[in-house]
Amino acid sequence: MPRPARKRLPRELERRLLRVPKSARRDAAFRKAIHQIPRGKVATYGQVAAAAGYPLYHRHVARLLRNEPPGRLPWHRVVGAGGEIKLRYDAGIEQRMRLEMEGVRFRGKRIDMEAHQHRFRPWEFEEF
DNA sequence: CAAGTGACCCGCT
DNA sequence: CAGCGGGCCACTT
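Counting restarts for each chain, with residues numbered from 1 along the sequence as it is written. To label them, take the chains in the order written and letter them from A, then take the ligands in the order written and number them from 1. Only residues with pLDDT of at least 70 get local features here, since the model is predicted, and only at 80 or more are side-chain atom pairs given and counted; chain-wide, interface and lining totals rely on the full set of residues. Hydrogens are left out, water is left out, and the side-chain values use all remaining heavy atoms of the structure.

**What about the packing of aromatic side chains?**
Basically, it comes down to this: Pairing of aromatic rings covers Phe, Tyr and Trp, the last counted by its six-membered ring, and requires centre-to-centre distances within 6.5 Å; plane angles under 30 degrees mean stacked, over 60 mean edge-to-face, and any other angle means tilted. Numbering of helices and strands runs from the N terminus, with a helix taken as a DSSP run of H or I at least four residues long and a strand as a DSSP run of E at least two residues long. The cut-offs for exposure are 20% and 50% of the maximum accessible area for each residue type, with area from a 1.4 Å probe on protein chains only; residues under the lower value are buried, those over the upper are exposed, and the others partly exposed. A ring is considered to have a charge above it if a Lys NZ or an Arg CZ atom is located within 6 Å of its centre and within 35 degrees of its normal.
Summed over all chains, the structure comprises 2 aromatic pairs. Relative to tyrosine 54, the ring of phenylalanine 30 has its centre 5.9 Å away and its plane inclined at 75°; by these criteria the two rings are edge-to-face. Highlighted residues: phenylalanine 30 in helix α2 (residues 22–35) and tyrosine 54 in the loop between α3 (45–51) and α4 (58–67), separated in sequence by 24 residues. You can call phenylalanine 30 buried: its relative accessible area is 0%. Here tyrosine 54 and tyrosine 57 contribute two aromatic rings whose centre-to-centre distance is 5.7 Å and whose plane-to-plane angle is 70°, an arrangement assigned as edge-to-face. Ring pairs connect the aromatic residues Phe30, Tyr54 and Tyr57, which therefore count as one cluster. Sitting over the ring of tyrosine 54, arginine 26 keeps its end group 6.0 Å from the ring centre.

Below you can see the structure in the form of structure tokens.
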């Protein structure tokens, strides 16, 4: 008896489910969320994580941004809770300047979140 | 394998 | 407002 032909999953599905590590899926979701933040708006690490479907993963968003090669993501639009810049030294200055260039206004050390909070649309992140 | 660490966050002093 | 502790999870030591 010939071996019954084994059904093969569609390539794309297989790649997503089997080949791609979980962390890569997460990071992709994080990047996607960060790309959604428009000029002049900001979101916190925690909000990005939650919008990407991974609440509690705020630290991972930070780690991604730290490792990500510069130039691809609008990294400066991701801030700490309450609109606080978490980067230190020069990096912190740069982030603030980039935001101010986009019209983001600060009250003291913090961003005026009332005015610049980005609201994610949940349905855009229902994965696959 | 345990302990420490981080572009975090929240609650409580 | 500052500092501390606990929580979180992956990575490093």
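Next comes the rest of the account.
**Describing α2**
We count it as follows: A helix is expected to span 1.5 Å multiplied by its residue count minus one. Here a residue-residue contact requires only that any non-hydrogen atoms of the pair lie within 4.5 Å.
For α2, which comprises 14 residues, the first-to-last C-alpha distance of 20 Å matches the rise-based estimate of 20 Å (1.5 Å per residue) to within 8%. Buried positions along α2 lie against α3, α4 and β2 (78–79).

**A closer look at the protein's contact with DNA strand B**
For clarity, the threshold we go by: Residues are labelled near a given molecule or strand when at least one of their non-hydrogen atoms is within 4 Å of it. Pairs of N or O atoms within 3.5 Å make up the polar contacts considered here, provided that, within protein, one atom can donate a hydrogen while the other can accept it, and that residues adjacent in sequence are counted only when both atoms are side-chain atoms. Residues are grouped as follows: Ala, Val, Leu, Ile, Met, Phe, Trp, Tyr, Cys and Pro are nonpolar; Asp, Glu, Lys and Arg are charged; all remaining types, including Gly, are polar.
Within the structure, DNA strand B sits among 13 residues, and His58, Arg59, Arg66, Ala81 and Leu87 are positioned closest to it. Among the atoms of DNA strand B lying within 4 Å of the protein, the sugar-phosphate backbone contributes 40%. Here a base nitrogen of DNA strand B sits 2.8 Å away from a polar atom, N or O, in the side chain of arginine 59. Contact distances for DNA strand B include 2.9 Å between a phosphate oxygen and a backbone N or O atom of alanine 81. Elements supplying a minimum of two residues to the surface near DNA strand B: α3 and α4. Among the residues making up the surface near DNA strand B, the classes are represented as 6 nonpolar, 4 polar and 3 charged.

**Quick notes on the environment of valine 61**
Take valine 61: it is sitting in helix α4. With relative accessibility at 0%, the residue valine 61 sits in the buried group. Along the chain, valine 61 and alanine 49 lie 12 residues apart, while their C-alpha atoms are 6.5 Å from each other. Ignoring anything within four residues of it in the chain, the contact list for valine 61 reads Phe30, Tyr45, Val48, Ala49 and Val78.

**Here we look at the nonpolar core**
Applicable threshold: Residues belong to one nonpolar core when they are buried, are Ala, Val, Leu, Ile, Met, Phe, Trp, Tyr or Cys, and are joined through side-chain atoms within 4.5 Å.
Ranked by size, the top nonpolar core spans 18 residues in total, and within it Phe30, Val48, Val61, Leu65, Val78 and Phe120 carry the most contacts. When contributions to this core are tallied by element, the ones reaching two or more residues are α2, α3 and α4. Among residues more than four places away in sequence, those in contact with leucine 65 are Ile34, Tyr45, Leu73, Trp75 and Val78. In terms of nonpolar packing, the next biggest core, distinct from the first, is built from 8 residues, Val42, Phe106, Ile111 and Met113 among them.

**Thoughts on unusual backbone geometry**
One non-glycine residue, leucine 56, lies in the positive phi region at around 80°. Considering the arrangement of structural elements, one finds leucine 56 in the loop between α3 and α4. Classification of leucine 56 by relative accessible area gives exposed; the value is 76%. Residue tyrosine 89 is not a glycine yet carries a positive backbone phi of 55°.

Read these as spatial facts, not as claims about activity.
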